Protein chains: 4
Amino acid sequence: MPIRVGVIGAGVMGADHIRNLTTAVNGAEVTFVADLDAGRAAAAAPPSARTTTDPSELINSSEVDAVIIASHDSTHAGLVLECFEAMTPVLCEKPLAPTILESLDVVEAEADILAATGARLLSMGFMRRFDPGYTALREATRVRSNGEPLLVHCTSRTATAGPGASSESAITNSAIHEFDIIPWLLGTPITEVSWQAGRSSRQSTGDLQDPALMLLRTADGTLATLELFLNAQYGYTTRCEVVSESGTAALPEPAALLVHREGQQRSVIPADWRPRFADAYRLQLQAWISALERGDTTPLATGEDGLRASQVGQAMIRSLHSDGAFTKVIY
Amino acid sequence: MPIRVGVIGAGVMGADHIRNLTTAVNGAEVTFVADLDAGRAAAAAPPSARTTTDPSELINSSEVDAVIIASHDSTHAGLVLECFEAMTPVLCEKPLAPTILESLDVVEAEADILAATGARLLSMGFMRRFDPGYTALREATRVRSNGEPLLVHCTSRTATAGPGASSESAITNSAIHEFDIIPWLLGTPITEVSWQAGRSSRQSTGDLQDPALMLLRTADGTLATLELFLNAQYGYTTRCEVVSESGTAALPEPAALLVHREGQQRSVIPADWRPRFADAYRLQLQAWISALERGDTTPLATGEDGLRASQVGQAMIRSLHSDGAFTKVIY
Amino acid sequence: MPIRVGVIGAGVMGADHIRNLTTAVNGAEVTFVADLDAGRAAAAAPPSARTTTDPSELINSSEVDAVIIASHDSTHAGLVLECFEAMTPVLCEKPLAPTILESLDVVEAEADILAATGARLLSMGFMRRFDPGYTALREATRVRSNGEPLLVHCTSRTATAGPGASSESAITNSAIHEFDIIPWLLGTPITEVSWQAGRSSRQSTGDLQDPALMLLRTADGTLATLELFLNAQYGYTTRCEVVSESGTAALPEPAALLVHREGQQRSVIPADWRPRFADAYRLQLQAWISALERGDTTPLATGEDGLRASQVGQAMIRSLHSDGAFTKVIY
Amino acid sequence: MPIRVGVIGAGVMGADHIRNLTTAVNGAEVTFVADLDAGRAAAAAPPSARTTTDPSELINSSEVDAVIIASHDSTHAGLVLECFEAMTPVLCEKPLAPTILESLDVVEAEADILAATGARLLSMGFMRRFDPGYTALREATRVRSNGEPLLVHCTSRTATAGPGASSESAITNSAIHEFDIIPWLLGTPITEVSWQAGRSSRQSTGDLQDPALMLLRTADGTLATLELFLNAQYGYTTRCEVVSESGTAALPEPAALLVHREGQQRSVIPADWRPRFADAYRLQLQAWISALERGDTTPLATGEDGLRASQVGQAMIRSLHSDGAFTKVIY
């Protein structure tokens, strides 16, 4: 019997999860879709699925074995707690919550359930952990074929910042992927961070320094750089290079047709994260569903991972407000 | 309800199909596995599936909605005909049959069924049609953004020739992929071919000229080259470049970690077709299953496609025995 | 004292040689420039050089130690013979002569001088022999680090065919570079060739099949392919890949700025041969001048090399007129 | 008449200059070589050149029109001043002097001569300004085809640190190239810098933090990062990427044969700066010699450029001793 999944939030992200679950993942069925906008829920739902504007109805439905939360960030923590009450496994898109306090509440609630029942209900949607490039990079780093890692360089660019983006939201919504992936790659937590402003693009509006440069140090002293550029205009780029004692390893650029035309060699750059991380999203969902089928512990990022990434983000925001001073992460 | 698939042949190819159907394709379930070697069937089958050494039992089982044939080439035609009798949709690995006569039998039998019932039962496993690179290359060619295509260059290399490989089997088993993909890319059939021998590798044994160089002309005069090298030793490479009037487009090389080590920039080359065409196999199976679910005509290659590819192969073999003379393809 | 060079022909090629000799080569001075068009000679000549419309005047001038012939192909042989009479070292642009008979005359005349005086006066401008990529490819092939070479793939594309280009002139003027470089790479002569027509570009006018595909076999059985495409429109491309028993080696693509813009990763393709082979021309001239300074035998291609390349071209033209039949090269 | 050059210092750098001047640059002749080690001078000098262990003899020789200083850093300033006294044009390898005070002396002395005679005698060997990649990158930045530059990322790695290397010498000897090239690329001076330590390689000995990460801000707010890694082991890498408002441009990786062997696609990485910057050194020397021939002002970096790069280095060293604090550059 397939795992019956209810999806809360039928925006771009939720619709993509629905599409993956119904056309690219084995063992799943989308039975319920919730969105405040009933029309959007109906448009994204498979024909056989129910829809609702009330996420609680979905969470507590007997037709739902597991829940995906892809609604507005501000709703994440509350909905996860509802899933806990229903004892329903839940995959929550990042971030776990807009504030550390709310994230802590969720993590503590899950710890209580784990202590009482042995069940670990929460998975976090840090999909890069399932990207084939990142997994190869982590494995190469783990086996130390180039010796100890010393430096990590990350680049994260999107074509256009979302409406209302600010320097703070850039940290909590975008850079959070690197706050998760850097300790995951290196096997050691981030201990202090620094946020540096440079010249800002004229495409940037409001309170958004863009690009920003962030520095991160891990417990074993490894230094990481992150260029975060939301209005890069030309397209979407994610890079990561691990510099080790005797060599380096870097993510491959996505492969596309190599075209020669009008005096140039050209290949297409992804327009946004969807083509770039299509495999990662698909493989993450498959891993989640397969683990649910087998009754295994989730192989995805956990609530603690989500909390830690947010804690790094909080330290980064404090650095932003302290003129870039290196700032300790408080876990 | 998932499509219940029976898989005949639990070798490398069959086992890969089973793995894909159970871990990477939506809407399918493997319920039955047949192999002459009972142990091999048991090893490849999912726990819930039945196994048998008798493919006919599988084909005629009420627990099977569709069949995949991945057994020895010599069995393909007979098993496809059995599926026709059972009115069961079947995905047959290439080639359709070792001889043109057998292939013709199959195609005619399917035409009769189509005429009588409207059902098109047979799909051929020319998976490259689902490779994202090839589909992008076909689309770029179809829209003529570089003008009319004039030349196609294909390269097909494997690390080691299979046991007993000959110049003929290299044509019918390996080059057959290009015999299918070239007309599919260009939208025009291959009309004449030429087989050229050069210096042969000392790794080659028996009656195998390796590498071989093949030339193919299509109905509209486009010329294609194919280097086929089975004992290339270093790894697996598939290339395709379409040269058009004002530009060219070529398949991307598979992307892998870019490593700097010991004075060299390096990236891993696939060892065989499985990593190279993992996406293609997965997407082909998904397209087949999804079409079966919806009752749509198969989007895969058809029996006629399989027959035509074999007919190109027969002409190539005649050229091989005619000192490389250009030889018409008889359809 | 610098070698005083007279340059005959002040067109694109001659002017480039003058520029190299005066700004990028050590030990040379351009003292005399001849061109039928006096204005063109004056425009190309350095301020201190004399100019003339009479090449014989230049060849016999006491102010000229060595001559470069970059005038029209039809004048090459006659001017080389004049240089021989004057006992002046001469670097002749390819081809040595439009006909084999004329080439033979030149080669025999030089052999007589060599026998009589020990002097080898003629060098041929097959500059690819000095391209860093080709020299690295030749060295890799020579040391057999990938085992014996089995196949060679060559691609030669220009943006636009010259006025009056025909299938024959494409062979004698353009493909001649590969007729020289393939035996030079492999250390074995070309013994038979075949010329194949495919679909021709609508940019092609008159009697020009474009692109053409040529096959060449060497004495040891190695097979080579050459795509020659004069109206490729998009730019200038020279490729060469040597496929050997356990690996392959290919020329690097020229490196240019890697730009990300408007959804594409881009780099500039050379517009013509000058940027592509700038190093090769410079290094060839330096090697010629340095050998003249030291009194060494020329390290450039010889008249015999020029003759052999033309003989391959003649065989290719016979194949063109024989419907592509493999045709022996007559040396 | 060729420019007669005297070269002081016949180590790796000096010998390379001699080789270039005698085999790859037009219009020059090496007439005199000085080295404290007479044997080394003799080994590096052309047969026709004189040698000495006394650089003053060389500078004041009537057989020398121009001087290159490639001796120990500590001798640079004194020898440049001697050249000034002799009114001889001089190309000084970086750094101009080990201390700012000495550099200031030199720059002021040159300003006096310039005021008195109109002659600008000093050129600095910041050869990257002549690297074809850097010049293309500067031009692309200058024309603002991607909008305003916002960030620059630099990477500078060598295989092995020289004996006695320290964090300070890494700044004054290696990073100095970027201190020159960043303002040259952007057309705006560096105003403040920060030096960051991470985990240090076990290959590093003594007082050398390796790698180090440096941040630099220019007058218009552009931020630049520099990874400097002297013991990178695998080879030599110089990278530079300019991130602008609507696109990016990056230096090409040096092109080398692309080899497929033993499961990997490989290309050679330069072992040190010589193959990487061979063109840059050659073109810099040619530009210097050609300007001397024509009596033009030097197109190379000036003494002021050398001083400014050293002033950036001094600020970086202060940051190093201030726990990485951003430190103003004092010009």
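Parameters at a glance
Residues numbered from 1 in each chain as written. Chains lettered and ligands numbered in written order. Predicted model: local features only at pLDDT ≥ 70, side-chain atom pairs only at ≥ 80, totals over all residues. Heavy atoms only, no water. Least-squares fit on C-alpha atoms with pLDDT ≥ 70 in both. Contact = heavy atoms within 4.5 Å. Pairing = 2+ DSSP bridges. Helix = DSSP H or I, 4+ residues; strand = E, 2+ residues; numbered from the N terminus. Axes fitted to C-alpha atoms, helices over the stretch in contact; angles between N-to-C directions. Buried area = accessible area lost by both parts, 1.4 Å probe. Salt bridge = Lys/Arg side-chain N within 4 Å of Asp/Glu carboxyl O. Polar contact = N/O pair within 3.5 Å; in protein donor to acceptor, adjacent residues only side chain to side chain. Nonpolar A, V, L, I, M, F, W, Y, C, P; charged D, E, K, R; others polar.

### A word on the relation of the copies chain C and chain D
Mapping chain C onto chain D calls for a screw motion: a turn of 180° about the axis and a shift of 0.0 Å along it, with 0.1 Å RMSD after fitting. These values place the two chain copies in the arrangement generated by a two-fold rotation axis. Among all residues of chain C, the one whose C-alpha sits closest to the rotation axis is Asn26(C), at a distance of 2.2 Å. Of the interface residues in chain C, 100% have counterparts in chain D that sit at the interface too, so the contact is made through matching surfaces.

### Looking at the sheet that holds strand β5 (residues 90-92) of chain C
Each strand in a sheet pairs with its neighbour through backbone hydrogen bonds, running either in the same direction (parallel) or in the opposite one (antiparallel). Residues and elements named next belong to chain C. Strands sit in the order β3-β2-β1-β4-β5-β6 across an open sheet of six strands; the sheet is parallel. The open sheet has two edge strands, β3 (50-52) and β6 (122-124), and neither has a second partner. Between one strand axis and the next, the sheet turns by 25° as a mean value, whatever way the strands run. Relative to β5, strand β4 (residues 66-69) runs parallel, the two being bridged by three bridges.

### As for the interface of chain C and chain D
Chain C puts 31 residues into the contact, and the matching count from chain D is 31 residues. When the area that chain C buries against chain D is broken down by residue, the three leading residues are Asn26(C), Leu257(C) and Arg261(C), summing to 27%. Counting across the interface, chain C meets chain D through zero salt bridges. Our enumeration of links across chain C and chain D arrives at 15 residue pairs in polar contact (both at pLDDT 80 or more). For the side of chain C that touches chain D, the secondary structure elements donating two or more residues are α1 (12-23), α6 (132-142), β12 (247-250), β13 (258-261) and α9 (278-294) of chain C. Of the residues belonging to the side of chain C that touches chain D, the class tally is 16 nonpolar, eleven polar and four charged. Summarising the sheet, β13(C) and strand β12 (residues 247-250) of chain D pair through four bridges and their orientation is antiparallel.

### Description of the relation of the copies chain D and chain A
Each of the two chain copies can be generated from the other by rotation about an axis followed by a shift along it. For the pair chain D and chain A, the relating rotation is 180°, the translation along its axis is 0.0 Å, and the fit reaches an RMSD of 0.0 Å. A shared interface surface links the copies, since 100% of the contact residues of chain D are contact residues in chain A too.

### Focus: unusual backbone geometry
Note the cis peptide between Lys94(C) and Pro95(C), where omega equals -5°. Tracing the sequence through the fold places Pro95(C) in the loop between β5 and α5 (100-117). Omega for the bond connecting Asp210(C) with Pro211(C) falls within 30 degrees of zero, at 5°, which places this linkage in the cis form. Among the secondary structure elements, Pro211(C) is positioned in the loop between β8 (190-197) and β9 (212-218). At Arg144(A), a position not held by glycine, the phi torsion is positive, near 60°. For Arg144(A), the location among the structural elements is in the loop between α6 (132-142) and β7 (149-157). The phi dihedral of Met87(D) falls on the positive side, at around 55°, and the residue is not glycine. Position of Met87(D) among the secondary structure elements: in the loop between α4 (76-85) and β5 (90-92).

### Brief notes about the side chain of Ser71(D)
Relative to the helices and strands, Ser71(D) is located in the loop between β4 (66-69) and α4. Beyond its immediate stretch of four places on either side in the chain, Ser71(D) contacts Ile8(D), Gly9(D), His76(D) and Leu79(D).

### Focus: the interface of chain D and chain A
The interface of chain D with chain A comprises 38 residues on the first partner and 38 residues on the second. Taking both sides of the interface into account, the surface hidden between chain D and chain A amounts to around 2,900 Å²; carbon and sulfur atoms contribute 55%. Its largest share of buried area at the contact with chain A, chain D owes to Leu150(D), Arg199(D) and Glu245(D), together 24% of the area lost on that side. Seen at the junction of chain D and chain A, the total is ten salt bridges. Put simply, Glu241(A) and Arg157(D) hold a salt bridge, and the shortest N to O gap is 3.2 Å. Inspection of the chain D/chain A interface yields 20 residue pairs in polar contact (both at pLDDT 80 or more). Taken together, the elements giving at least two residues each to the side of chain D that touches chain A come down to β7 (149-157), β8 (190-197), β9 (212-218), β10 (223-229), β11 (237-244) and β12 of chain D. The biggest single contributor to the side of chain D that touches chain A is β7(D), with five residues.

These values are about where atoms sit, not about what they do.
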